Amino acid sequence: MTFNYTAPHNGTPTPGANPDGYMLKPDEGSMTWFVGALLTFKAKAADTHGVLTFFQCDVPYGWQAPVHKHANESELFYITEGEWEIFVNDTVHLVTPGCTVWIPQNTAHSIFVRSKRGRGYCVITPAGFEKFFEDAGEPATAPSMPTHPTHMPSPEELLEVGKEMGWVLVDPSPRRLDDHDHHEH
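Below is a short write-up of the structure. Since the model is a prediction, treat every value here as computed from it, not as a measurement.

## Quick look at the packing of aromatic side chains
Link 1 in the chain: On inspection of all chains with the given rule, the structure shows 11 aromatic pairs.
Link 2 in the chain: Aromatic pair phenylalanine 132 and phenylalanine 133: ring centres 5.6 Å apart, planes at 80 degrees, arrangement edge-to-face.
Link 3 in the chain: Seen from their ring centres, phenylalanine 132 and tryptophan 167 are 5.5 Å apart, and the 25 degrees between their planes marks the pair as stacked. Placement of the pair is phenylalanine 132 in helix α1 (residues 130–136) and tryptophan 167 in strand β12 (residues 167–171), with a sequence separation of 35 residues. Here phenylalanine 132 matches tryptophan 167 in class, with each residue buried.
Link 4 in the chain: Three or more aromatic residues joined by ring pairs make a cluster, and in this case those are Phe34, Phe41, Phe55, Phe129, Phe132, Phe133 and Trp167.
Link 5 in the chain: Cation over ring: arginine 175 sits above phenylalanine 87, and NZ or CZ is 5.3 Å from the ring centre.
Link 6 in the chain: A cation over a ring is seen here: arginine 176 above phenylalanine 112, with NZ or CZ 3.5 Å from the ring centre.

Below you can see the structure in the form of structure tokens.
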């Protein structure tokens, strides 16, 4: 089977990656600081003929994504460290190491990290959404979460960057396990 998808935006390749097949060592990848987190991309659109994006995320306590939808992409998370509250399919799930979360395209979802730190892996398909993180974040200069203030995109900037990617804000606050005031819109 040939998959001839091309991302609708110009993505950058991961150093050392080759769309015809490659292996990266544990400390290799393309690193981006995004809202206080370190995202280490192991596969991006340019590396996989657009099939998928794959990255490791290292996040601090309180890291969050608002309730949002992706018009074009589905996401699969596998959590290896910490406690995450992930809202999907009208339910807030307590997600702990070893748990997997599937988020189909056009599905409202949110994330809140409630432990001191969290680590997980994410597959996004089809590929290309990494451009959102790269455009709204900044290149990481060390393989760790930032220890200094980094670019914090405003809500307006996230909406602008997200618009071209099919990212739709549903609610600016993530759903929480102890949250009884929010109802799905």
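So, next bit.
## A word on the nonpolar core
Link 1 in the chain: Grouped together as the largest cluster of nonpolar side chains are 29 residues, with contacts concentrated most on Phe34, Phe55, Trp84, Phe132 and Phe133.
Link 2 in the chain: If we skip the residues at most four places from it in the chain, phenylalanine 34 touches Leu39, Trp63, Phe132, Phe133, Ala136, Gly137 and Leu158.

## Focus on the sheet that holds strand β11 (residues 138–139)
Link 1 in the chain: If you trace the seven strands from one edge of the open sheet to the other, you get β8-β5-β10-β3-β2-β1-β11, paired in antiparallel fashion. Of all strands in the sheet, those with a lone pairing partner are β8 (100–103) and β11, marking the two edges.
Link 2 in the chain: When strand β5 (residues 74–81) meets strand β10 (residues 117–125), the two strands line up antiparallel, connected through seven bridges. Its bridge partner being in β10, glutamate 75 is matched across the sheet by isoleucine 124.

## Description of the side chain of histidine 70
Link 1 in the chain: Looking at the secondary structure, you find histidine 70 in strand β4 (residues 64–70).
Link 2 in the chain: Classification of histidine 70 as buried rests on a relative accessible area of 3%.
Link 3 in the chain: For histidine 70, the residues in contact, after removing those within four places along its chain, are Glu75, Gln105, Asn106, His109, Phe129, Gly166 and Trp167.

## Quick look at the pattern of salt bridges
Close approach of charged atoms allows side chains with opposite charge to pair.
Link 1 in the chain: On inspection of all chains with the given rule, the structure shows 10 salt bridges.
Link 2 in the chain: In this structure, glutamate 81 and arginine 117 form a salt bridge, with 2.9 Å as the shortest nitrogen-oxygen distance. With glutamate 81 in strand β5 and arginine 117 in strand β10, this pair connects stretches of sequence that are 36 residues apart.
Link 3 in the chain: Classification of glutamate 81 by relative accessible area gives partly exposed; the value is 27%.
Link 4 in the chain: Accessibility expressed as a relative area gives 31% for arginine 117, which makes it partly exposed.
Link 5 in the chain: Across the pair arginine 114 and glutamate 83 runs a salt bridge, and its minimum N-O distance is 2.9 Å. In this pair, arginine 114 sits in the loop between β9 (109–113) and β10 while glutamate 83 sits in the loop between β5 and β6 (84–88), placing the two residues 31 residues apart along the sequence.
Link 6 in the chain: Members of the salt-bridge network, linked through shared partners, are Asp58, Glu81, Arg117 and Arg119.

Analysis parameters
- Residues numbered from 1 in each chain as written.
- Predicted model: local features only at pLDDT ≥ 70, side-chain atom pairs only at ≥ 80, totals over all residues.
- Heavy atoms only, no water.
- Phe/Tyr/Trp six-rings, centres within 6.5 Å; stacked < 30°, edge-to-face > 60°.
- Helix = DSSP H or I, 4+ residues; strand = E, 2+ residues; numbered from the N terminus.
- Buried < 20%, exposed > 50% of the residue type's maximum accessible area, 1.4 Å probe, protein only.
- Lys NZ or Arg CZ within 6 Å of the ring centre and 35° of its normal.
- Core = buried A, V, L, I, M, F, W, Y, C linked by side-chain atoms within 4.5 Å.
- Contact = heavy atoms within 4.5 Å.
- Pairing = 2+ DSSP bridges.
- Salt bridge = Lys/Arg side-chain N within 4 Å of Asp/Glu carboxyl O.

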